[in-house]
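# Analysis of the macromolecular model
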Amino acid sequence: MNRPGPRRGDGVDPVLRTRARRRAMQAVYAWQMAGGTTQGVIAQFAHEQAHEIADLEYFEDLVRGVMAHARELDEALLPHLDRSVGEVDQIERAVLRIAAYELRHRVDVPYRVVINEAIETAKRFGAEHGHTYVNGVLDRAALDWRAAEASARGR
């Protein structure tokens with residue numbers, strides 16, 4: 001059985017967060033493809049989530065947040081895309097929506113962590129070069145949405 005990794009000073013286990021993001025991407029992808037209620041989508045993936053040992057609370061926050069704010073997230077992403085949201089590959093769309101939710105609503109998570117996690121998730125599940133697209137979109141979005149944080153870190 002997989003054991004949780006070391007926690008940071010703030011109590012967050014990065015390994016469990018990564019697993020939560022990956023499972024959330026799968027849940028958001030399933031929702032994009034088939035629809036459903038928030039509770040139904042979460043229930044569908046919660047069993048696997050618990051079995052895999054992940055941050056269930058964070059998983060649920062991501063799924064609930066994306067589903068509740070999908071229109072707002074899509075509108076915010078649009079200026080950073082080279083096509084309509086509907087034309088973005090379903091996997092990359094799910095990854096971008098989750099990262100957009102984190103960048104806009106989870107300011108406790110550093111923008112570089114959000115971008116790196118999104119890139120790794122896109123590499124694992126997306127098309128061969130999908131991660132480069134995700135990286136470009138999120139780099140531009142982070143400069144827009146988290147300008148103070150980006151400039152404080154020297155970009």
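The present account deals with the structure reproduced in this document.

Analysis parameters
- Residues numbered from 1 in each chain as written.
- Predicted model: local features only at pLDDT ≥ 70, side-chain atom pairs only at ≥ 80, totals over all residues.
- Heavy atoms only, no water.
- Helix = DSSP H or I, 4+ residues; strand = E, 2+ residues; numbered from the N terminus.
- Buried < 20%, exposed > 50% of the residue type's maximum accessible area, 1.4 Å probe, protein only.
- Areas by Shrake-Rupley, 256 points an atom, 1.4 Å probe, with all protein chains shown as cover.
- Phe/Tyr/Trp six-rings, centres within 6.5 Å; stacked < 30°, edge-to-face > 60°.
- Lys NZ or Arg CZ within 6 Å of the ring centre and 35° of its normal.
- Axes fitted to C-alpha atoms, helices over the stretch in contact; angles between N-to-C directions.
- Parallel < 35°, antiparallel > 145°, perpendicular 65-115°, else oblique.
- Left-handed = near helix turned anticlockwise from the far one by under 90°.
- Contact = heavy atoms within 4.5 Å.
- Nonpolar A, V, L, I, M, F, W, Y, C, P; charged D, E, K, R; others polar.
- Salt bridge = Lys/Arg side-chain N within 4 Å of Asp/Glu carboxyl O.

### Details of the overall build of the protein
Per the secondary structure count, the protein includes seven helices and zero strands. Along its sequence from the N terminus, the protein presents helices and strands in the succession α-α-α-α-α-α-α. Counting only residues that meet the buried cut, the protein has 47% of its 155 residues in that class. Summed over all atoms, the accessible surface of the protein reaches about 7,900 Å², with 50% contributed by carbon and sulfur.

### Description of the packing of aromatic side chains
Within this structure, the stated rule accounts for zero aromatic pairs. Above the face of the Tyr-133 ring, Arg-83 is positioned so that its terminal group lies 4.4 Å from the ring centre. The ring centre of Trp-145 lies 4.9 Å from the NZ or CZ of Arg-104, which sits over that ring.

### A closer look at the packing of helix H5 (residues 111-125) against helix H6 (residues 130-145)
Where H5 meets H6, the axes come as close as 8 Å, and the angle between the chain directions of the two elements is 160°. Relative to H6, the element H5 lies roughly antiparallel. In this structure, H5 crosses over H6, and the sense of that crossing is right-handed. Taken together, the residues of H6 that come into contact with H5 (itself represented by Tyr-111, Ile-115, Ala-118, Ile-119, Ala-122 and Lys-123) are Gly-130, His-131, Val-134, Asn-135, Leu-138, Asp-139 and Ala-142. Its residues placed into classes, the contact of H5 with H6 shows eight nonpolar, three polar and two charged.

### Things to note about the packing of helix H4 (residues 90-105) against H5
Close contact between H4 and H5 brings their axes to 10 Å; oriented N to C, the two are set at 165°. Taken together, H4 and H5 sit at an angle that is classed as roughly antiparallel. Between H4 and H5 lies a crossing of right-handed hand. Facing H4, whose interface residues are Ile-91, Val-95, Ala-99, Glu-102 and Leu-103, H5 presents Tyr-111, Val-114, Ala-118, Thr-121, Ala-122 and Phe-125. Class assignment for the residues of the contact of H4 with H5 results in nine nonpolar, one polar and one charged.

### Comments concerning the side chain of His-131
Along the chain, His-131 falls in helix H6. When its relative accessible area of 18% is taken as the criterion, His-131 is described as buried. Not counting residues up to four positions away in its chain, the partners in contact with His-131 are Ile-119, Ala-122 and Lys-123.

### A look at the pattern of salt bridges
Overall, the coordinates contain 11 salt bridges when judged by the stated rule. Within the structure, one salt-bridge network assembled from shared partners comprises Arg-21, Glu-102 and Glu-117.

Just geometry here; none of it tells us what the structure is for.
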